[in-house]
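# Analysis of the macromolecular model
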Amino acid sequence: MSDDRPRKSFLGRLWWLVDASRRTLLNLIFLALLAGLAWLLLKPGKPELQDKTALVLNLAGPLTEQKSGNTRSSVLNRVQGSDDASTQLRDVLAVLEAAAKDPKVPHLVLMLDDFGGAGLPTLREVAAAIERFKASGKPVYAWGAGYDQRSFFLAAHATEVWVHPLGGVLIEGFGRPRNYYKDAFDKFGVQATVLRVGKFKSFGEVYSANGPSPETTEAEKLLYDAMWASWLGSVEKARKLPAGTVMNLINGLPDNLAAAGGNLAQLVLKEKLVDQLKTRDEMRAFLIEKGAKDEDAASAAQPETTFRQVNFNDYLARIKPRTTGDAVGVIVAEGEIGDGQAPGGSIGGESTSALIRQAREDKTIKAIVLRVDSPGGSVYGSELIRRELELARAAGKPVVVSMGDLAASGGYWISLASDEVMADETTITGSIGVLAVLPSVKGAMDKVGVNTAGYGTTWLAGAVDPRKTLDPRLAGVVQTSINRVYADFTQAAAKARKTTPEKIDAVAQGRVWTGAQALERGLVDKLGSLGDAVASAAARAKLPADARVLYVEKPPGRLQQLLTQFGVTEGSLGARVLAAVAPGLMAADPVQVLLPGVPQTVVDGVRHDLGWLTQVAEKRRPFDAVVHCLCQAP
């Protein structure tokens, strides 16, 4: 019998080393947390703003109603190298309102190079806030290395617009090409049977057709032409340009740009889209002259002389929200609608209903505003939310719906239990229709020689299995089911809009409308902003015009609170280490493998479309009707 004592001794020393390393690492983390906590407790407060401090509105990422995801998903995004930065609309409005009244802020500077855009209704909200800032007697200056259509919409409302001499303005118009997968499905042996109610309900066409139907083209033309007219009218009015200036520039772009020697900056200056061409140092010199030099700014990281300024985030941190008194509760319903729990940036039937119930039971909340930005989703999830709003009204609390960029299909369904529905003139809404998609991969299984068979006690046993050919009887059952859901939808809409199901059906059929078109057809009550909706809710609850506004949201978890306090920021040592090891930990993206060299934005679109179809197949619940418009704000 061999002596195994040397082996045991080696394993013992190895375990001691692993355990000691573990304890050392935990102690270091604990000490780092203690040091961070001590720094938070002992650090001095923010210094007061000096006179002549410019507010720099340096918006980063997309403009949203609510931060998306949770802490875990945010950290994962950073690990994967994704940029999860976004800015909340409410914060921008609050900063502009406060700065307009702040005597130490003489002017506003728009720096939009990192702006990720937003839907037109959201852009119009911010543009209106910029106009209110100007109405306080303070100028607004916009500078950019270049402007796209969304950033220029905001910049156009500035007192002066500057662009770098090597920059320009890119204006494209509205329109959104979609991917259509029928030919690809045929090649792979995949079939997606789309059942729908509503001839304009175009959601499923991407799976069952090679292009848009005439009805889809008709609806989108009316929608996009109206939104484009609104964009043009707002920009040309803000820039004091004759009507038709922008369209003439676009239509004559090849000749006009050639005449300008290919210099896009000179062309947009000549056409008065911008006021001056300025380099960054010229912009800084101008703002020093209009304000003051920042004597404390020069450092090794920023050696150049600059103007006295405070950025958006720093100014936001100085605003202290009211915490006492009766309030209007605002609940954000943003993103696709699911059945259960959902993090910020998406809607869960259970989680959003719980927030509404919380607002109903809170004695300090006297009225509710539901801010909707959603293309719809689950019928069941939508009905859970609508019913909870109905209970809030029954409890005596007024409910006002404020539609943002998008409130279509399920987004319209959840808006039905309200005292008043407000939309922006360019909100995409309506899409009152229902569909179901039944995928089958029988052809793909046949191509690789895999057969599926087995005994079932009824014809329904395995009927929903995507490996089998769709049974016509099942298709008939599902069609009957969604016919009923459509009838329920139109009846609920008719009751809410105080009309008949027949009149609702005439403007429904899955068709989308702008907010202005919806008002003409009786689908909304009034055109207005988020602020207008809050004011209406306050008036209905007999609250003062300046009543406290309280956003009712899920409280942050312990991890989120900790990260908020200590800040796991991009560029930190931890983030760099994670970014370095992440590629080796992530599996290959199958969509990227199938589409090598294709831009990431295109890959993301394909992943979203096919991911939704995969979820349908995995749920294996064909009786689930869907109220979704597969649309987004352009």
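Quick look at the structure, then. (Residues numbered from 1 in each chain as written. Predicted model: local features only at pLDDT ≥ 70, side-chain atom pairs only at ≥ 80, totals over all residues. Heavy atoms only, no water.)

### As for the overall build of the protein chain
What counts here: Think of it this way: any DSSP run of H or I at least four residues long counts as a helix, any run of E at least two long counts as a strand, and we number them from the N terminus. The cut-offs for exposure are 20% and 50% of the maximum accessible area for each residue type, with area from a 1.4 Å probe on protein chains only; residues under the lower value are buried, those over the upper are exposed, and the others partly exposed. A contact between two residues is defined here by any heavy atoms of the two lying within 4.5 Å. Calculation of accessible area relied on Shrake-Rupley with a 1.4 Å probe; when residues are assessed, cover is drawn exclusively from the protein chains displayed.
Counting secondary structure elements, the protein chain contains 25 helices and 22 strands. Across the 634 residues in the protein chain, those meeting the buried criterion constitute 44%. Looking at the protein chain alone, contacts between residues at least 24 apart form 76% of all its contacts between residues at least 6 apart. A total accessible area of about 32,100 Å² is found for the protein chain, and carbon and sulfur atoms account for 56% of it.

### Section: helix α12 (residues 280–290)
Taken residue by residue, α12 has Met-283, Arg-284, Phe-286, Leu-287 and Ile-288 as its buried positions. Buried residues belonging to α12 abut β4 (108–111), β5 (140–144) and β6 (160–163).

### Focus: a nonpolar patch on the surface
This is how the line gets drawn: Patch membership is restricted to residues that have no salt bridge and whose relative accessible area is over 30%. Joining uses 9 Å for like charges and 5 Å for the nonpolar side chains Val, Leu, Ile, Met, Phe, Trp and Tyr. Each reported salt bridge corresponds to a side-chain nitrogen of Lys or Arg within 4 Å of a carboxyl oxygen of Asp or Glu.
Together, Leu-25, Leu-26 and Ile-29 give the surface a local cluster of nonpolar side chains, amounting to about 290 Å² of exposed area. Assignment of secondary structure puts Ile-29 in helix α1 (residues 5–42). The exposure class assigned to Ile-29 is partly exposed, which follows from its relative accessible area of 45%.

### Section: empty space enclosed by the protein
As a reminder, the rule being used: Buried and open spaces are told apart on a 1 Å grid over the protein atoms alone, a cavity being a set of points where a 1.4 Å probe fits but cannot get out and a pocket being an open set with protein on both sides within 12 Å along at least five of seven lines. Residues with an atom within 4 Å of a point are the lining residues. Grid points are joined across faces, edges and corners, and a volume is the space filled by probe spheres set on the points. Three residue categories are used. Nonpolar comprises Ala, Val, Leu, Ile, Met, Phe, Trp, Tyr, Cys and Pro, charged comprises Asp, Glu, Lys and Arg, and polar comprises the others, including Gly.
Summed over the entire model, instances satisfying the criterion amount to four cavities of 30 Å³ or more. Computed from the structure, the largest cavity encloses a volume of approximately 170 Å³. Lining the largest cavity are 19 residues, with Arg-178, Ser-202, Glu-220, Val-512 and Cys-631 positioned closest to its centre. Of all the elements, helix α8 (residues 214–238) adds the most residues to the lining of the largest cavity, at five residues. When grouped by side-chain class, the residues that make up the lining of the largest cavity number nine nonpolar, six polar and four charged.

### Some words on the sheet that holds strand β1 (residues 54–57)
The condition is simple: Strands are treated as partners if at least two bridges between them are detected by DSSP.
Read across the sheet, six strands follow the order β8-β6-β5-β4-β1-β9 without closing on themselves; strand pairing throughout is parallel. Each end of this open sheet is capped by a strand with a single partner; those strands are β8 (276–277) and β9 (309–311). Pairing between β1 and β4: three bridges, direction parallel. Its bridge partner lying in β4, Leu-57 is registered against Leu-110.

### Side note on the side chain of Ser-536
For clarity, the cut-off: What qualifies as a polar contact is a pair of N or O atoms within 3.5 Å, subject to a donor-acceptor requirement within protein and to the restriction that residues adjacent in sequence count only when both atoms come from side chains.
Residue position: Ser-536 is located in helix α21 (residues 530–540). Ser-536 gets classed as buried once you look at its relative accessible area, which sits at 14%. In this structure the side chain of Ser-536 is engaged in a polar contact, spanning 2.4 Å, whose partner is the side chain of Glu-420. Apart from the residues lying within four places of it in its own chain, the contact partners of Ser-536 are Val-400, Glu-420 and Met-422.

### Observations concerning the packing of aromatic side chains
Short version of the rule: A pair of aromatic rings is counted whenever rings of Phe, Tyr or Trp (Trp by its six-membered ring) have centres within 6.5 Å, and the orientation is called stacked for planes under 30 degrees apart, edge-to-face for over 60 and tilted otherwise. Note on criteria: charge over ring means Lys NZ or Arg CZ within 6 Å of the ring centre, with the direction from the centre no more than 35 degrees off the ring normal.
This model, assessed by the stated rule, comprises 11 aromatic pairs. With 6.1 Å between their ring centres and 40° between their planes, Phe-153 and Trp-231 make a pair best called tilted. Of the two residues, Phe-153 is situated in helix α5 (residues 149–155) and Trp-231 in helix α8; the sequence distance between them amounts to 78 residues. One aromatic cluster is present, built from ring pairs that chain together Phe-153, Phe-174, Trp-228 and Trp-231. We note Lys-278 situated over the ring of Trp-162; from NZ or CZ to the ring centre the distance is 5.2 Å. The ring of Phe-200 has Arg-511 lying over it, and the distance from NZ or CZ to the ring centre is 4.7 Å.

### What to know about helix α15 (residues 379–394)
For clarity, the cut-off: The span expected for a helix works out to 1.5 Å for each residue beyond the first.
Spanning 16 residues, α15 covers 22 Å between terminal C-alpha atoms, matching the ideal 22 Å at 1.5 Å per step. Buried residues of α15: Val-379, Gly-381, Ser-382, Ile-385, Arg-386, Glu-388, Leu-389 and Ala-392, and no others. With a side-chain oxygen lying 3.2 Å from the backbone nitrogen of Tyr-380, the N-terminal cap of α15 falls on Ser-378. Backbone geometry just after α15 places Gly-396 at a positive phi near 95°.

Don't take any of this as a statement about function, it's just geometry.
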